[in-house]
Every structure is written in structure tokens, then in C-alpha cells.
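A look at the structure
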Amino acid sequence: MNELRGILVEQVERLVADAGGVAPLREVEAGGFPQALWDGLSEQGLALALVPEEAGGVGLSWGDAAALWQVLGQHGAPVPMAETMLGAALLSAAGVEVPDGVLALGEKGAPFGRHATNAVKLDGARLTLHAVEGATPGANIGREPRDDLTLAPRSAAGILPNSHGPRALRLGLALIRAAQIAGAMERILALAVDWANTRKQFGRPIGKFQAVQQQLAAMAGEVAAVQVAVSNAARAVDARGLAEAAFEIGCAKVVAGEAATFGAATAHQVFAAIGITEDHELHHFTRRLWAWREEGGTDRAWAAEIGKLALARGGANLWPDLTARDA
Amino acid sequence: MRFDLPDTPPGAEALRAELRAFLAEAGRAWTPEIRARSWMGFDRDFSREVGARGWIGMTWPKAYGGHERSGLERVVVLEEMLAAGAPVGAHWIGDRQSGPLILRLGTEEQRRRILPGIARGELAFCIGLSEPDAGSDLANLRTKAERVPGGWKLNGRKIWTTFAHKSDYMIALVRTSPAPEGGSRHAGLSQFLVDLRLSGISIRPIRDLAGADSFNEVTFDDVMLKEDDLVGAEGAGWAQATSELAFERSGPDRYLSSYPALSLGLDALAANPVPGAEVTVGRMVARLSALRGMSLSVGGMLERGEDPAVEAALVKDVGNVFEQALPEHLRGLLDPEDSPAELRALLAALTQLTPTFSLRGGTREILRGIIARDLGLR
Ligand SMILES: Cc1cc2nc3c(=O)[nH]c(=O)nc-3n(C[C@H](O)[C@H](O)[C@H](O)COP(=O)(O)OP(=O)(O)OC[C@H]3O[C@@H](n4cnc5c(N)ncnc54)[C@H](O)[C@@H]3O)c2cc1C
């Protein structure tokens, strides 16, 4: 891990950890917005983290950003910072000045759209910026706001470079959700291990039962797999841009979706009844895992895309294609 | 636990190209059964050719027949060999663990005597760990070496020793002093370099369920070992043997065992499209890519001299699940009648091998126990 990334990860970690555990998650579910957390993160310059320094941003790499998104995912941080970072990166790449405040991605089911002042839309390679005039509230099963927006006519527009291409929003969102899943997986593994060492049955901690140990060990394997897949995808974006990293991003979203499915089920098995309750913190993460599987393309959809490509290229090309993508 | 992707070593592309040309030529002679066995296949002529090209002992000093290349360049060679299903068994163990052990802990005499032969692809090694009553519970082993004038006297029995009947040497883990009363059973174990031609050794092949002679029972009856057949320190055998395991468990051999079937399966599916097959294929390719990243990360850690024992166990566990599931995924997609004969034969051979993937090198349960300990559960 490079030095800058280490410092930023630490700062963001402190900010989200200090935000009060699941309190901000409950606040958002009740229709509020954790303004203090948003402001704290904004003060770190996070919104412009992916904007190059010469354009007034921080100039982080996508690898650095993915590390931050994992931290956000680890805490379920209920602020659209990752989305705003992506929106700002694309606006800047298209030569559009980045406005202050929350950026919504798209206009249907936009994450935290009701809290956004502006929205970013992509039509072909043409990126447009719109003021948000109204929002019909909705939510995913993570109880995160996913709103249909009424947008003003565009206030600015630009063309995305080919390296990011016409699918940049979907690709970026897939990477964000995969990274958040990696973080949330790490979290539920830690919660489950902790619980296994605490909860006693038959006179000993349930973590002493081999059946429980084996399940948690298998979960650790999934955590490792999704983390590596996300690093690999972010590295590909750094090397080639979003468009040419579609394969790695797709792989990361497939592995993340599978890991989320397995991880949530395993954690609930270990927690048993207590984990099903509204009062317990586990569901804040498992519901998000289930929701994030679906956003930015499901694992099934991405698998279909990767599979079609592999079938079209043929068996003899699979291995050479894979190794040719090494960064 | 942490995984950091290493950078691709310089020259990797040229090295891959060289390997692919070589393997395409050599591979003409390989039947589907040979490709399915890959590193469980033994072909001395092939290993000698690989050695002649400088692809064994790649990271070792030139003074011992090595080539002073990086560990990540070595990984390129391993990956290409396995993706092609090359029969690398005759040099695999020597290159992967016995050679590195001797290089690290052996005497100067042992290094000069042994390493150049491994690097030329001429000396084959086998692993003498398991015994009839010491499987997962390896520390329960009973084979013992007693000090005698001029050396050691070896008695006991090893089992499941892959390729003992075709190998030149075994690295054996044996007891050299009794476990201390009430103390750790890991004390008093030592490793020996055993020349399999010595008198008093008998090797009985054990036929496996696929009808092949791949592993053996090896009996030692008053076998005389020389003083300098001891490898490393007397009594330090347990730590020595377990530190080898990160090398043994993290390599591409822990997730690529079924790869040749995926490659052929793609062509069969392209010729006979099955609706929805792309989803299953995509899931396999995504897993393959993630596992490759995990294994490369551990390769990078080994290169930096770190001790990624837990990461290696994670690679092997996730990798074994993948390589066991792969033939079953293909089976779920392809009708045998519509499949080309070569793929059918490959799947038939692989199906009989898959149970071994999560046994050899430590069972799934033992690996998950290691991971659970790292998680703080034991
Ligand atoms: C193809 C093949 C090649 C091999 N080659 C070699 C070789 O070259 N050299 C060598 O030394 N060995 C070799 N082995 C042996 C291999 O290392 C052993 O099979 C393995 O360590 C397991 O030992 P076992 O077969 O005695 O099973 P056991 O230890 O008897 O285990 C039986 C079952 O019980 C489970 N079990 C055992 N203990 C525990 C526990 N504490 N907790 C939970 N579950 C447990 C195991 O996971 C397994 O499922 C080979 C094995 C195979 C299959």
C-alpha cells in the first residue's frame, strides 16, 4: 500500500468509525441524511479525489479510490461519496467543471438522489450535468435511498474520452459496489468471528465447534477472493481506463456477487436468531450485501458478458487473453 | 491476511511466447489422459527438455545449476506448463519444494550434489510425510532414524508417496528422538535426504482408482544413512517441513488442475451452443481470474521473503473448490454424446482425479482449521 493511500484510508476510517456505528444507518433509513459525516468526508477533499491535480482535484488512482470504497463498505457508510467521486471523475474527464455537493448518477433509481443538487447522465459518450428539481423517493433492500429524479435541462455537457467510453457510469458503479461488498464482507466476517468467540452453547464458545470454524474459514476465502478481484479491476482501470477494464470489473462484480450471497448466508447461520432481529447490527450489512449484488449489473449479467466473450474467443485464446491483460 | 498483486516481471511476455511455442510442439504427443494428470504425470524425457531450456530451478544461484531469475518469472513457467496440461511430475516436487529446502538449509556438499541434477530435470524427488497412522495428524509419525557410528539407521514405513517408485530421492520427515514426556510432539523430528537405491528400501506401488500406479508404500528396513544425509538441523524437522508448505500450497497447481477441460469445453460449447451456458462459463472465468490474482499475490510475498502460510492455505482452499467444480459445471452444460472424443476422455480422467485435489497437500478440513486459527477461533 502506498503512503498517500495509507493516510487517506486511515482518515476516512476514523471519520466513518466516529460517525456513531449504526446510528447514521438508522438515521438514513428514517429519511435523514448524516450531514456531519458527509461534511467531514468532503473536507478531506474526497469528492474530488479522482479528479486530476491539474484540474483542481486530489489525483488519486482508482486503486486508491477502491481502497477507500472498501472502507466505506466496511461501515456501510450511508453517504453517496463513492458515487460523487465517480461522477466528478467523469465530469472532469469530459471537461465539465465539477459542481459542489452530492452528485446523483443517472435519473432512475439514483443513489441518494433526493440529497443531490446535480445529476450526471451519459448518452453515448456524451456526458451531461443537470440540476435536480425533484425526487420520487424509493429504496433498495439495504434501505438506501434510490430515487427517480426530475431533472432540469442540462446545464453543461462534454464528451468522455474513449478510454472511459459510453458504459463508464455502469462500469464505475460496478467497481464501486464490488469494492463496498469487499468491505462489508470483511465486516460481517469480523462480526461473526467475534460472536463465535462470545456466544456460548454446550458450555463453550460456539467458535470452538469445528463445524462453525470451517464455515467461517470458507467465508475468509471468499473475502480474500473478492478483495483480490477488486484490486485487480481497479488496477486495470488505472492502466487502461474504465472501458478497457470491463473484463476485470465484470470479474470483480461476479466474484463479489457470489461472495456476498455466500457470506450473508454464512454470517446469519453463525448468528442464528439474534442476527435476524432489527436491533442487531448484522442486517445493516447483510441487507446492503444483497442490495449491492444487484446494482451496477448483477453477477449473472456480468458472467453472461464475460462468458459470451470467452465463448466467442474460443478455448485456445482463453489463457493467452487472461495473461495478456496483466498490468 | 493480505493479498497485494505484484507487478508483472520484465520480460514476462517474451518468456510466455517462448514457452507457448515449446509447449505447442511438445503437446502434440499428449493424450487427454496425460493432460488431465499434468503434474501427476511423470515423463523424464520431457523434464530433461524443460531443464535444458533453463526452466527448472530458475531462481537458484548459477553455482548450483540455477538461472538466477525471479520468482515471478518462475510462476510464468509454472502457469504455462499447467495451462497446457504438461506432464511435469518428474521435476515438479524437486523444483517446488525439495530443491528450495536443500538450497535454504542443506549443506554445501548437498547443494552441489543435488541441485544441478534437479535443475537439469534429471533428479526426481518424492515427499515422505504420510504414514499409515499419520495422515492429517502428521506429528503422529513413527518412522525413526537412530544415531549409529558414521550416520543414521532408518526404520519404518511411509505411504501415499507419489512417484516413489520412479524417483531418485525422498525427503523424509522422521523421528530422531522421542517426543518429550508431556511436551510437544513436534519436537524430535528431522528431515533426511534418502537415496531410494539404498539397500533395505522396498517400494510397493499402490494402484489408484483410475488404474494408475501413482503413489506407493515405502518400507525402510535398517537403511543406513550417512551423517550428511540429514537436512537442516536435527530436531527442527517440523518447522522445516511446515515452512515448505507455503511453497507447496499457493502455486498455480492448486487451482489449474482442471484448466485444460475449460479450454476444450469452450470450443465444444461454441460448436454446440447451449442456451444460458455463457453465465456458467463467465462465472468460471471470473473465479479463474480471481484465483490467479490470489496465487500471484502469494508468489510476490514469497519473492519478498515473507511467510504467507495462511494466505497459501486460502489459495489452496478456494482453488481446490474451483478445480473440483469445473468439470461438474461442464458436465452440467454438455451432453456427452455431443462432446468431442478428446473432451470426453479428458473429463473422464479428471472426474476420477478430482477427489484428490482437496486431499493431497493437506485436506480441506485441515486447511480450514489453519485459517480458523488465524481468524482467532482456535
Ligand atoms: C493423490 C494423493 C497423493 C498424495 N501424495 C503424497 C505424497 O507424495 N507424500 C505424502 O507424504 N503424502 C501424500 N498424500 C497423502 C496426503 O497428504 C494425505 O492423504 C492427507 O494428509 C490426509 O491424510 P489421510 O489420507 O490419512 O486422511 P485422514 O487424516 O485419516 O483424514 C480422513 C478425513 O478426516 C478428516 N480429518 C482428520 N483430522 C481432522 C481434524 N483434526 N479435524 C477435522 N477433520 C479431520 C480429514 O480432513 C479427512 O476428511 C497423498 C494423497 C493423495 C490423495
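For the structure, check the block above.
First things first, this report covers the structure right here in the doc. Values in this document were obtained by computation on a predicted structure and should not be read as measured data. (Residues numbered from 1 in each chain as written. Chains lettered and ligands numbered in written order. Predicted model: local features only at pLDDT ≥ 70, side-chain atom pairs only at ≥ 80, totals over all residues. Heavy atoms only, no water.)

A closer look at the overall build of chain A
Let me state the cut-off plainly: Counting from the N terminus, the helices are DSSP H or I runs at least four residues long and the strands are E runs at least two residues long. Every radius of gyration here is taken over C-alpha atoms, with the globule rule written as 2.2 Å times N^0.38, N being the number of residues. Here's how the labels work: a residue is buried when its accessible area is under 20% of the maximum for its type, exposed when over 50%, partly exposed in between, all with a 1.4 Å probe on protein chains only. Throughout, a residue-residue contact means that at least one pair of heavy atoms, one from each residue, lies within 4.5 Å. Methods summary: accessible areas were calculated by the Shrake-Rupley approach with a probe of 1.4 Å, and residue burial reflects only the protein chains presented. We count Lys and Arg on the positive side and Asp and Glu on the negative side, and we leave His and both chain ends out. Just so you know, the charge point we use is NZ for Lys, CZ for Arg, CG for Asp and CD for Glu.
Each helix and strand counted, chain A has 11 helices and 7 strands in total. Against the 2.2 N^0.38 benchmark of 20 Å for 327 residues, chain A shows a C-alpha radius of gyration of 20 Å, consistent with a compact globule. With respect to the three principal axes, the spread of C-alpha positions in chain A is 65 × 55 × 40 Å. Residue burial in chain A is summarised as follows: out of 327 residues, 58% are buried. The contacts of chain A with a sequence gap of at least 6 include a subset with a gap of at least 24, amounting to 70%. For chain A, the exposed surface amounts to about 12300 Å²; the carbon and sulfur share of it is 52%. Counting 28 positive and 36 negative side-chain charges, chain A places the centres of these two groups 7 Å from one another.

What about the interface of chain A and chain B?
Note: interface size is frequently given as the accessible area lost on complex formation between the parts. To keep things clear, this is the line we draw: The term buried area denotes the loss of accessible surface (1.4 Å probe radius) that occurs when two parts are joined, taken as the sum for both partners. Salt bridges are counted wherever a side-chain nitrogen of Lys or Arg sits within 4 Å of a carboxyl oxygen of Asp or Glu. Each polar contact in these results corresponds to two N or O atoms within 3.5 Å; when the atoms are within protein, one needs to be able to donate a hydrogen and the other to accept it, and residues that are neighboring in sequence are counted only if both atoms are side-chain atoms. By the convention adopted, Pro, Cys, Tyr, Trp, Phe, Met, Ile, Leu, Val and Ala count as nonpolar, Lys, Arg, Asp and Glu as charged, and the other residues, Gly among them, as polar.
Chain A puts 49 residues into the contact, and the matching count from chain B is 49 residues. Counting each side, the surface lost to burial between chain A and chain B is near 4100 Å², with a carbon and sulfur contribution of 64%. Area buried by chain A at its contact with chain B is led by A:Val228, A:Leu311 and A:Trp319, which between them contribute 18% of it. In this structure, the connection of chain A to chain B is made through 7 salt bridges. A salt bridge links A:Glu258 to B:Arg283, with the shortest nitrogen-to-oxygen separation between them at 3.0 Å. At the surface where chain A touches chain B, the tally comes to 15 residue pairs in polar contact (both at pLDDT 80 or more). For the side of chain A that touches chain B, the residue count by class is 29 nonpolar, 12 polar and 8 charged.

A few points about the pairing of strand S7 (residues 213–226) of chain B
Residue and element names in this part refer to chain B. For clarity, the threshold we go by: Strands qualify as paired when DSSP identifies two bridges or more between them.
Relative to S7, strand S3 (residues 151–159) is paired through 8 bridges, and the arrangement is antiparallel. By the bridge assignment for S7, Gly156 is matched with Phe220. Two elements, strand S6 (residues 201–207) and S7, share 7 bridges in a ladder whose sense is antiparallel. Along S7, the bridge assignment pairs Ser202 with Thr219.

With respect to the packing of aromatic side chains
Our working rule: Geometry of aromatic contacts follows a simple scheme: Phe, Tyr and Trp rings, the Trp one being its six-membered ring, pair when their centres are within 6.5 Å, and the pair is stacked under 30 degrees between planes, edge-to-face over 60, tilted otherwise. Distance and angle both matter: a charge sits over a ring if NZ of Lys or CZ of Arg is within 6 Å of the ring centre and within 35 degrees of the ring normal.
On inspection of all chains with the given rule, the structure shows 13 aromatic pairs over all chains. Ring geometry for B:Trp30 against B:Phe46: centres 5.4 Å apart, planes inclined by 85°, an arrangement best described as edge-to-face. Of this pair, B:Trp30 sits in the loop between helix H1 (12–26) and helix H2 (32–37) while B:Phe46 sits in helix H3 (residues 44–52); the two residues are 16 residues apart in sequence, bridging distant segments of the chain. Aromatic side chains B:Phe125 and B:Tyr169 sit 5.5 Å apart centroid to centroid with 20° between the ring planes, which places their arrangement in the stacked category. Taken as a pair, B:Phe125 in strand S1 (residues 125–128) and B:Tyr169 in strand S4 (residues 169–175) lie far apart in primary sequence, 44 residues in all. On the accessibility criterion, B:Tyr169 (9% relative accessible area) is buried. Every member of this aromatic cluster is reached through a ring pair, and the members are B:Phe22, B:Trp30, B:Phe46 and B:Trp55. Across the ring face of A:Trp302, the terminal group of A:Arg170 is positioned such that the distance to the ring centre comes to 5.3 Å.

Here's the deal with the site of the ligand
Note the following rule: If even one non-hydrogen atom of a residue comes within 4 Å of a molecule or strand, that residue is called near it.
Taken together, 15 residues sit near the ligand, with B:Ser130, B:Ser136, B:Thr162, B:Thr363 and B:Glu365 positioned nearest. The site occupied by the ligand is bordered by residues of chains A and B. Within the backbone of B:Leu129, a nitrogen or oxygen atom sits 3.0 Å from an oxygen atom of the ligand. Between the ligand and the protein, one listed contact pairs an oxygen atom with a side-chain N or O atom of B:Ser136 at 2.7 Å. For the ligand, the protein covers 66% of the area, taking 960 Å² as the surface of the free molecule. Here the shell around the ligand is composed, by residue class, of 6 nonpolar, 8 polar and 1 charged.

A closer look at the packing of helix H10 (residues 309–333) of chain B against helix H11 (residues 341–357) of chain B
Residues and elements named next belong to chain B. We apply this condition: Axis lines are fitted through C-alpha atoms, for helices just across the contact stretch, and the angle between N-to-C directions can take any value from 0 to 180 degrees. Just so you know how the angles are binned, under 35 degrees is roughly parallel, over 145 roughly antiparallel, 65 to 115 roughly perpendicular, and the rest oblique. The crossing is said to be left-handed when, going from far helix to near helix, the turn is anticlockwise and less than a right angle, and right-handed when the turn is clockwise.
Their axes nearest at 10 Å, the elements H10 and H11 cross at an angle of 155°. Relative to H11, H10 is oriented roughly antiparallel. In the crossing of H10 with H11, the sense of the turn from one axis to the other is left-handed. Contact residues: Lys316, Asn320, Glu323, Gln324, Pro327 and Leu330 in H10; Leu347, Leu350, Thr354, Pro355 and Phe357 in H11.

Examining the nonpolar core
Here is the rule: Here the nonpolar core consists of buried residues drawn from Ala, Val, Leu, Ile, Met, Phe, Trp, Tyr and Cys, with membership extended through side-chain atoms lying within 4.5 Å.
With 196 residues, the main nonpolar core has A:Trp69, A:Leu216, B:Met81 and B:Phe125 as its most contacted residues. In this view, B:Phe125 contacts B:Ile93, B:Gly94, B:Ser98, B:Ile102, B:Ile114, B:Ile118, B:Ser167, B:Tyr169, B:Ile171 and B:Leu193; residues no more than four positions away in its chain are not counted. Counting residues in each nonpolar core, the second largest holds 17 residues, with B:Val174, B:Val194, B:Phe220 and B:Leu230 among its members.

What about the pairing of strand S4 (residues 126–136) of chain A?
Residue and element names in this part refer to chain A. Examined bridge by bridge, strand S3 (residues 118–123) and S4 share 6 bridges and lie antiparallel to one another. Bridge pairing links Ala119 to His130 in S4. Joining the antiparallel neighbours S3 and S4 is a turn of 2 residues, in which Gly124 adopts a positive phi near 65°. Note: S4 against strand S5 (residues 146–159), 9 bridges, orientation antiparallel. By the bridge assignment, Arg126 is partnered in S5 with Ile159.

A closer look at the environment of A:Thr286
Residues and elements named next belong to chain A. Mapped onto the fold, Thr286 is located in helix H9 (residues 282–294). For Thr286, a relative accessible area of 0% puts it in the buried group. Spatially, the C-alpha atom of Thr286 lies 8.0 Å from that of Ala260, the residues being 26 residues apart in sequence. When neighbours within four sequence positions are excluded, Thr286 is seen to be in contact with Ile188, Ala264 and His268.

Points about the sheet that holds S4(A)
All names here are of chain A. Here we have 5 strands laid out as an open sheet, ordered S1-S3-S4-S5-S2, and mixed in their pairing. The open sheet terminates on both sides in strands that have one partner only, identified here as strand S1 (103–105) and strand S2 (110–111). One ladder, built from 3 bridges, connects S1 with S3; its direction is parallel. In the sheet register, Leu103 faces S3, and the bridge partner there is Asn118. Docked against the sheet, helix H6 (residues 168–198) engages S1, S2, S3 and S5, running at close to 120° with respect to S3.

Structural notes on helix H7 (residues 237–250) of chain B
Given 3.6 residues per helical turn, the α-helix brings residues three or four places apart onto the same face. All names here are of chain B. What counts, and what does not: For a helix, the expected span equals 1.5 Å multiplied by the residue count minus one.
A rise of 1.5 Å per residue sets the reference length of H7, with its 14 residues, at 20 Å; its end C-alpha atoms lie 21 Å apart and thus fit the reference within 8%. Most of H7 sits out of view: 10 of its 14 residues are buried. All of the buried residues in H7 are Gly237, Trp238, Gln240, Ala241, Glu244, Leu245, Ala246, Glu248, Arg249 and Ser250.

As for the packing of helix H5 (residues 89–105) of chain B against H7(B)
Helix-helix packing is described using two parameters, namely the angle between the two axes and the distance between the axes. Residue and element names in this part refer to chain B. Relative orientation of the contacting elements H5 and H7 amounts to 130°, with a least axis distance of 10 Å. Compared by their axis directions, H5 and H7 come out oblique. In the packing of H5 onto H7, the handedness of the crossing is right-handed. Of the residues in H7, those in contact with Arg96, Gln97, Leu101, Arg104 and Leu105 of H5 are Gln240, Ser243, Glu244, Phe247 and Glu248. In terms of residue class, the contact of H5 with H7 is made up of 3 nonpolar, 3 polar and 4 charged.

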